[in-house]
Amino acid sequence: MKFMGANELRESFISFFESKEHLRMESFPLVPKNDKSLLLINAGMAPLKPYFTGIQKPPKSRVTTCQKCIRTGDIENVGKTSRHGTFFEMLGNFSFGDYFKNEIIPWSWEYVTEVLKLPKDKLYVTIYLEDDEAYEIWTTKTDIDPSRIFRLGKDDNFWEVGTVGPCGPCTEIHYDRGENVAPVTNVEDFVAASDADRIVEFWNLVFIQFDKQEDGSYAPLKNKNIDTGMGLERLAVVVQDVDSIFDVDTICALRNLVCEIAGKEYGKTYQDDVSIRLITDHIRSATFMISDGIMPTNEGRGYVLRRLIRRAARHGRLLGIEGSFLAKLSAEVINGSKAGYPELEEKKEFIFKVLTNEENQFNKTIDQG
């Protein structure tokens, strides 16, 4: 397995699909455009929905992106675990009525085994229970051991959102992080190892081939589409052979700066680690949100930003940090991510100003209280 930094991983994925005639597209802003169903972009395919539904014509029938995303549904778990976060980057490649299973399955295997050089005896694949076509392609167009392919039901390997609309089965690629363990040989043991976080899913390939009707039936789509998603941070955990997203190279540098400012050592006490992880995550989210023009307010996405900034500031106090410190951390976020997102560097002074003003206002409120 080849070690790659997060920035190198991002570029390797985009470049790989460029070599497969995909158009490289920049990440869309975190603020959704003409989509009132979302407060913030929360998935790689979310900004591309108009292309899937046919409302807009894509610039090319094959595109690839690394999309910045925010999800706050698990915000109360951020810091308490080593894997929850509110900000993440989603690598994806998409086909709008162009290629389908025959192409993406062997391409995905080529990328993970030949570019990333992940050992094949650590990889497993899941497919939808009834997807014989995917099974045939995996077993005839790649050299995966068929015994490492497991069929799972709708909850695991069928992608649909809501009660109607485009949907379809999916296939997922998993990595076994266990050391000196025997390979799993049946679906029950596979599910148990996944539940124990020994086997982790890192790439989801969705075959959008149906249009779910109001009566619950599935009508075949005229044009079949591909939508894949792979979290950059989760992939980096695998490739860098570390324990959590907070140990990935760019995030670890930020985490270490939090420790330096607080005068704390990571891994010493659980409560300090909770605060260190929370601050590390929240300042990433806040930096990217401000760079996309979101301002702290008391409603909507502005409230999400205000909440993230104030939670980070409060946990700074719990660590014993005095005075404002978030702008200094933001500079590290920018330094670690500007290769992929040059707008961070362009807007850094504005980002620092917004963070400092909000942090000072919050500190003043706390002191008065």
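Placed above this text is the structure.
Residues numbered from 1 in each chain as written. Predicted model: local features only at pLDDT ≥ 70, side-chain atom pairs only at ≥ 80, totals over all residues. Heavy atoms only, no water.

A. A look at the overall build of the protein. Across its full length, the protein carries 13 helices and nine strands. For a compact globule of 369 residues, the expected C-alpha radius of gyration is about 21 Å, and the protein comes in at 21 Å, within 12% of that figure. Each principal axis of the C-alpha distribution contributes one length, and for the protein these read about 65 × 50 × 40 Å. Counting the 369 residues in the protein, one finds 53% classified as buried. (Helix = DSSP H or I, 4+ residues; strand = E, 2+ residues; numbered from the N terminus. Rg over C-alpha atoms; globule rule 2.2 N^0.38 Å. Buried < 20%, exposed > 50% of the residue type's maximum accessible area, 1.4 Å probe, protein only.)

B. Quick peek at helix α11 (residues 326–337). Taking 1.5 Å as the rise per residue, α11 with 12 residues should run 16 Å; its terminal C-alpha atoms sit 16 Å apart, in good agreement. Among the residues of α11, L326, A327, L329, S330, V333, I334, G336 and S337 are the ones counted as buried. On its buried face, α11 sits against α1 (6–18), α8 (249–262), α9 (270–291), α10 (300–318), α12 (343–346) and α13 (348–368). (Expected span 1.5 Å × (residues − 1). Contact = heavy atoms within 4.5 Å.)

C. Layout of the packing of α11 against α13. Running from N to C, α11 and α13 cross one another at 150°; their axes reach a closest spacing of 9 Å. Overall, the two elements α11 and α13 adopt an arrangement that is roughly antiparallel. The way α11 lies across α13 gives a crossing that is right-handed. Listed contacts from α13 to L326, A327, S330, A331 and I334 of α11 are K348, I351, F352, L355, T356 and E359. Its residues placed into classes, the contact of α11 with α13 shows seven nonpolar, two polar and two charged. (Axes fitted to C-alpha atoms, helices over the stretch in contact; angles between N-to-C directions. Parallel < 35°, antiparallel > 145°, perpendicular 65-115°, else oblique. Left-handed = near helix turned anticlockwise from the far one by under 90°. Nonpolar A, V, L, I, M, F, W, Y, C, P; charged D, E, K, R; others polar.)

D. Inspection of the pairing of strand β7 (residues 165–176) at higher detail. Counting buried residues in β7 gives 11 out of 12 residues, a clear majority hidden from the surface. One ladder, built from four bridges, connects strand β4 (residues 123–128) with β7; its direction is antiparallel. Following the sheet pairing, L123 is matched in β7 by Y175. With two bridges connecting them, strand β6 (residues 158–159) and β7 associate as antiparallel partners. Paired with W159 across the strands is G168, a residue of β7. With 10 bridges joining them, β7 and strand β8 (residues 199–212) adopt antiparallel strand pairing. Residue pairing in the sheet places E172 in a bridge with N204 of β8. (Pairing = 2+ DSSP bridges.)

E. Seen up close, the packing of aromatic side chains. Taken as a whole and judged by the stated rule, the model has 22 aromatic pairs. Summarising the aromatic geometry, the rings of F13 and W203 are spaced 5.7 Å apart at their centres and angled 65° between planes, so their arrangement reads as edge-to-face. Remark: W203 occurs in strand β8 and F13 occurs in helix α1; sequence separation between them is 190 residues. Given a relative accessible area of 0%, F13 falls into the buried group. Judged by its relative accessible area of 0%, W203 falls in the buried class. Ring geometry for F288 versus Y341: centroids 5.3 Å apart, planes at 90°, classification edge-to-face. In this pair, F288 is assigned in helix α9 and Y341 in the loop between α11 and α12, connecting sequence segments 53 residues apart. The rings of F13, F16, F17, Y99, W107, Y111 and W203 are connected pair by pair, giving a single aromatic cluster. Lying over the aromatic face of Y124, R148 brings its terminal NZ or CZ to 4.1 Å of the ring centre. Of note, R151 hangs over the ring of Y135, and the distance from its end group to the ring centre comes to 5.2 Å. (Phe/Tyr/Trp six-rings, centres within 6.5 Å; stacked < 30°, edge-to-face > 60°. Lys NZ or Arg CZ within 6 Å of the ring centre and 35° of its normal.)

F. Broad picture of the layout of surface pockets. The computed volume of the second largest pocket comes to approximately 420 Å³. As for the second largest pocket, its lining consists of 17 residues, and the residues nearest its centre are K33, N34, P47, P50 and Q56. Of the residues contributing to the lining of the second largest pocket, the split by class is 11 nonpolar, three polar and three charged. (1 Å grid on protein atoms, 1.4 Å probe; cavity = no way out; pocket = protein on both sides within 12 Å on 5 of 7 lines; lining within 4 Å. Points joined across faces, edges and corners; volume = space filled by probe spheres on them.)

G. Quick look at the environment of A219. Within the secondary structure, A219 sits in strand β9 (residues 218–231). Not counting residues up to four positions away in its chain, the partners in contact with A219 are Q209, F210, D211 and Q213.

H. Highlighting empty space enclosed by the protein. With the rule as written, the count across this model stands at two cavities of 30 Å³ or more. Roughly 140 Å³ of volume is contained in the largest cavity. Residue assignment for the lining of the largest cavity shows that the elements contributing at least two residues are α1, α7 (232–239), α8 and α11. A per-element tally of the lining of the largest cavity places α11 first, with four residues. Classifying every residue of the lining of the largest cavity gives six nonpolar, four polar and five charged.

I. Summary view of the nonpolar core. By size, the foremost hydrophobic cluster in this structure holds 84 residues, and its most contacted members are F202 and W203. With seven residues, α9 is the largest single contributor of residues to this core. Excluding residues that lie within four positions of it along the chain, W203 makes contacts with F13, F17, N93, S108, Y111, V112, T171, E172, I173, T228, G229 and M230. (Core = buried A, V, L, I, M, F, W, Y, C linked by side-chain atoms within 4.5 Å.)

J. Inspection of unusual backbone geometry at higher detail. In this structure, E21 is a non-glycine residue whose phi angle is positive, near 70°. In this structure, E21 sits in the loop between α1 and β1 (23–24).

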